[in-house]
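Structure at a glance
Listed below are the residues making up each chain.
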Amino acid sequence: MKPGIHPPYGPVVFRDKAAGSAFLTRSTVTSDKTIMWEDGNTYPVVDVEISSASHPFYTGTARVLDTAGRVERFERRYGRRGAN
């Protein structure tokens, strides 16, 4: 990597506002807010709206859409394509 052109890469805490969970990782994102982490060190904290802790796909609460039923209902209303 070329020196001097990349942003600093360091530890950051991402806090999920929806689930109330947080995780420590490394990132180039910065923040003015800080948090005291479990290891006793202070890290910058970034609040996120959704993460894998609260996303329906990862938590198993995702709803499956009935696309086949919607297509059939559309075809009943408007007919199949090329049926003329």
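For the structure itself, consult the block above.
What follows deals with the sheet that holds strand 2 (residues 22–27). What links the strands of a sheet is backbone hydrogen bonding, and the strands pair in either a parallel or an antiparallel sense. Strand order in the open sheet formed by four strands is 2-1-4-3, with mixed pairing between adjacent strands. The outermost strands of the open sheet, each flanked by one partner alone, are strand 2 and strand 3 (34–36). When strand polarity is set aside, the average angle formed by the axes of neighbouring strands in this sheet is 45°. Where strand 3 lies against strand 4 (residues 42–48), three bridges are found, and the strand directions are antiparallel.

As a further point, take the side chain of Asp-16. Along the chain, the position of Asp-16 falls in strand 1 (residues 10–16). Of the buried charged residues, Asp-16 lacks a salt bridge, with Lys-17 as the closest side chain of opposite charge at 9.0 Å.

Rules and cut-offs
- Residues numbered from 1 in each chain as written.
- Predicted model: local features only at pLDDT ≥ 70, side-chain atom pairs only at ≥ 80, totals over all residues.
- Heavy atoms only, no water.
- Pairing = 2+ DSSP bridges.
- Helix = DSSP H or I, 4+ residues; strand = E, 2+ residues; numbered from the N terminus.
- Axes fitted to C-alpha atoms, helices over the stretch in contact; angles between N-to-C directions.
- Buried < 20%, exposed > 50% of the residue type's maximum accessible area, 1.4 Å probe, protein only.
- Lys, Arg positive; Asp, Glu negative; His and termini not counted.
- Salt bridge = Lys/Arg side-chain N within 4 Å of Asp/Glu carboxyl O.

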